[in-house]
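Chains, contacts and geometry: an overview
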Amino acid sequence: MYIWFTVVAGLAALSVLFLRTPFPHLSEDCTYILRSIKLGVRLLRYKKRKPFYSILDCFLDAAKRHPGKTFLHFEGREYSYGQVDKQSNKVARALQAEVRLKEGDAVALFLANEPSFVWTWLGLAKLGCPAALLNFNIRSKSLLHCFSCCGAKVIIASPELQDAVEEVLPTLREQGISVYLLSEACSVQGINTLSDKISQASDQPLSRDLRANVNIRSTALYIYTSGTTGITIFLRRKFSASQFWDDCRKYNVTVMQYIGETMRYLCNTPKKDNEKNHRVRIAIGNGVRTDIWSEFLDRFGDIKVRELYAATEGNIGFINYTSKIGAVGRVNVVHRFFFPYTLIKFDIEKEEPVRNSEGLCIEAARGETGLLVGRITQRSPFVGYAGNKQQTEKKRLSDVLKKGDLYFNTGDLLRFDENNFVYFQDRVGDTFRWKGENVATSEVADILTTAQCILEANVYGVQVEGHEGRIGMAAVILKEGEDFDCSDTYKQVVNYLPAYARPRFIRIQPCLEMTGTFKMKKVKLVEEGFDPAHIKDPLYFLDPEKKMYVPLTEEIYRAVASREIKL
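Just so you know, these numbers come straight off a predicted model, no measurement behind them. Within every chain, residues take consecutive numbers counted from 1 along the sequence as written. Owing to the predicted nature of the model, reporting of local features is limited to residues with pLDDT of at least 70; listing and counting of side-chain atom pairs is limited to 80 or more, with chain, interface and lining totals taken over all residues. Calculation of side-chain values draws on the structure's entire complement of heavy atoms; hydrogens and water are dropped beforehand.

Attention shifts here to the sheet that holds strand E9 (residues 233–235). Paired strands are those between which DSSP finds at least two bridges. Each helix corresponds to a stretch of at least 4 residues labelled H or I by DSSP, and each strand to a stretch of at least 2 residues labelled E; elements are numbered beginning at the N terminus. Strand order in this open sheet of three strands is E2-E1-E9, and the pairing throughout is mixed. Edge strands, defined here as strands with exactly one partner in the open sheet, are strand E2 (77–80) and E9. Taken over all neighbouring pairs, the strand axes of this sheet differ in orientation by 20° on average, direction set aside. Two strands pair when backbone bridges link them, and strand E1 (residues 70–74) and E9 are joined in this way by three bridges, in the parallel orientation. Following the sheet pairing, phenylalanine 74 is matched in E9 by leucine 235. Along the sheet, helix H4 (residues 81–98) makes contact with E1 and E2, crossing E2 at roughly 75°. Angular values range over 0 to 180 degrees, each being the angle between N-to-C directions of two axes fitted as lines to C-alpha atoms, with helices fitted over their stretch in contact. Any two residues having at least one pair of non-hydrogen atoms within 4.5 Å are treated as being in contact.

Below is the structure:
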């Protein structure tokens, strides 16, 4: 009955759209809604299937149907579905024998972009074990924090990340965490090798009984950074703008995934005569600027850019299924019916929703920027953050449109225009995005205060012309009697923060402004930016060549603005 209701609701919505939706996008809206209904029906069928049909089952069926088909391209080699399936069997059997993993045990994967990442994760899935996917850029405190979230007692790391593991090895051993390196040999006490065990293990299939209790509500992955799955995949250790289109041509790539900076990097490469000679037809991702979007299409041809808005933990998302440049999606009745959401007025200074005399939030008007919130329902739940109830509760917003309702606070400001297009405006709160990565301001502030001279730090992101996102900056106050130590501060941020999270600009202030609830004020600091011509406070710039913070001069400022200095 539920499936029939879904279909009827969809058809009713279609009839309404025929009357009300602006004609230029009518066919695109109808196509999107019908595909959404079809997907919803498929998901309902999967949900009712016994035994549960997982991503792993989907892979195994594909491996059975076409074992010889290429699954991965990597550094000139091809790996078929059958090869990856067998290799994941060997990984599972080695882990089963060596680590004695049982169903439900979480394992942290500290691996770079390489095929072993894929078959190690699949091997764990065959044992019914969730994998915690660690960002290989993180170090020290951030790395250790990931274990407190997922509860993993085993970490599997790439040989090239051995130094990062050794740095926290004493703490890992204190916490009873077993450390394995994907290597044949390792002389470091406390680090076990795994590749030698994998090579000797059987590649025969494993019993489904090992994951008999896995169901739709079981944890599959702990995600700390974004990821994707789909078509035959071409994998590189690192993104290369200069080789990107050559790779696309060589491997007949038809779909590319991007973050905003990807497009800019590609547009910054020298022009070539064969730029439109490729088979890429769809680019899907998020964070591309309008000007870069237009330039990308002009240079590289008629590629359907599917800009989206979503969050891994969120319960609401959009995708621009039209060719409207700059939008992240469209408002339509079917989507809003199944995944209720709204934009509410938001006080940027106080960093909180605006409420009326009754204590309810106020919906933003059409064309007005507002905070996106998604209603928490059985169909669109918000599960929260693993191992952090406090952060989970901070994301739940009650009494939004009526007393007792509950919404997920995305922490993002969006705008709906008069033609039902959705535009991302900005991010609020204690994170900002740079180089396609999320930066937690509190984490950066904690590292800065480990410098001998710094008493307190207020971290925020500032815009730099020609760059997507916001780059890190910090306003700090110094300990009494201390001068700013350019070398020590540099060492702290470089040793304990990944490159994208290091504050490139530091502003020395006599005191930090606070709100009435003792939160650090950031709005004015963000607006003022880092121009030494307009800021009287001492400013410093992180200079990686000199390996220290240096005074930020107007000459350096102009070089940053003109892109002579790369950030």
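The next thing to look at is the sheet that holds strand E8 (residues 221–223). Strand pairing in a sheet is mediated by backbone hydrogen bonds. Such pairs are either parallel or antiparallel. Across the sheet, which stays open at both edges, the six strands sit in the order E7-E6-E5-E3-E4-E8 with parallel pairing between neighbours. For this open sheet the edge positions go to strand E7 (191–193) and E8, each flanked by a neighbour on one side alone. Adjacent strand axes in the sheet meet at a mean angle of 25°, parallel and antiparallel pairs treated alike. As paired elements, strand E6 (residues 178–181) and E7 share three bridges and run parallel to each other. Among the inter-strand pairings, valine 179 is bridged to a residue of E7, identified as isoleucine 191.

A separate point is the side chain of asparagine 332. Turning to its location among the elements, asparagine 332 is positioned in the loop between strand E14 (329–330) and helix H12 (333–338). Under the scheme applied here, a residue whose accessible area is under 20% of the maximum for its type counts as buried, over 50% as exposed, and between as partly exposed, the area being computed with a 1.4 Å probe on protein chains only. The class for asparagine 332 is buried, based on a relative accessible area of 4%. The term polar contact refers here to a pair of N or O atoms within 3.5 Å; inside protein, the definition further demands a hydrogen-donor-capable atom paired with an acceptor-capable atom, and it admits residues adjacent in sequence only when both atoms are side-chain atoms. There is a polar contact of 3.2 Å between the side chain of asparagine 332 and the backbone nitrogen of valine 334. A distance of 2.8 Å separates the side chain of asparagine 332 from the backbone nitrogen of histidine 335, its partner in a polar contact.

A word on helix H6 (residues 140–150). Counting buried positions along H6 yields eight of eleven residues, so the element is predominantly enclosed. What H6 keeps buried is the set Ser140, Ser142, Leu143, Leu144, Cys146, Phe147, Cys149 and Cys150. Two residues or fewer after H6 comes glycine 151, characterised by a positive phi angle close to 75°.

What counts as a salt bridge is simple: a side-chain nitrogen of Lys or Arg found within 4 Å of a carboxyl oxygen of Asp or Glu. In the structure shown here, the tally under the stated rule is 22 salt bridges. Measuring nitrogen to oxygen at the nearest pair gives 2.8 Å for the salt bridge that ties glutamate 368 to lysine 345. Residue glutamate 368 is found in the loop between strand E17 (352–353) and strand E18 (370–375), and its partner lysine 345 is found in the loop between strand E15 (341–344) and strand E16 (346–347); the two are separated by 23 residues along the sequence. Lysine 345 gets classed as partly exposed once you look at its relative accessible area, which sits at 25%. A salt bridge links arginine 427 to aspartate 412, with the shortest nitrogen-to-oxygen separation between them at 3.4 Å. With arginine 427 in strand E21 (residues 421–427) and aspartate 412 in strand E20 (residues 406–416), this residue pair connects regions lying 15 residues apart in the sequence.

The relative placement of two packed helices comes down to the angle between their axes together with the axis-to-axis distance. Helix H11 (residues 290–300) packs onto helix H10 (residues 260–267) with a crossing angle of 50° between their chain directions and a minimal axis gap of 10 Å. Relative to H11, the element H10 lies oblique. At the point where H10 passes H11, the crossing takes the left-handed sense. Residues Met263, Arg264, Leu266 and Cys267 of H10 lie in contact with H11, whose contacting residues are Ile292, Glu295, Phe296, Arg299 and Phe300. Gly is placed with the polar residues, together with every amino acid not listed as nonpolar (Ala, Val, Leu, Ile, Met, Phe, Trp, Tyr, Cys and Pro) or charged (Asp, Glu, Lys and Arg). Residues belonging to the contact of H10 with H11 are distributed by class as follows: six nonpolar, no polar and three charged. The scheme is simple: roughly parallel for angles under 35 degrees, roughly antiparallel for over 145, roughly perpendicular for 65 to 115, oblique for anything else. Handedness of a crossing follows from how the near helix is turned relative to the far one, being left-handed for an anticlockwise turn of less than a right angle and right-handed for a clockwise one.

Simply put, the disulfide is a covalent bond whose two ends are the sulfur atoms of two cysteines. Here, two cysteine sulfur atoms that lie within 2.5 Å of each other are counted as a disulfide. One pass over the full model with this rule turns up zero disulfides. Here cysteine 267 is not cross-linked by a disulfide; its sulfur's nearest cysteine counterpart is in cysteine 248, at 14 Å.

For arginine 100, which is not a glycine, the phi torsion comes out positive at approximately 55°. Along the chain, the position of arginine 100 falls in the loop between H4 and strand E3 (107–110). By relative accessible area, arginine 100 is classed as exposed at 67%. Of note in this structure, serine 140 is not a glycine but carries a positive phi near 50°. Topologically, serine 140 is positioned in helix H6.

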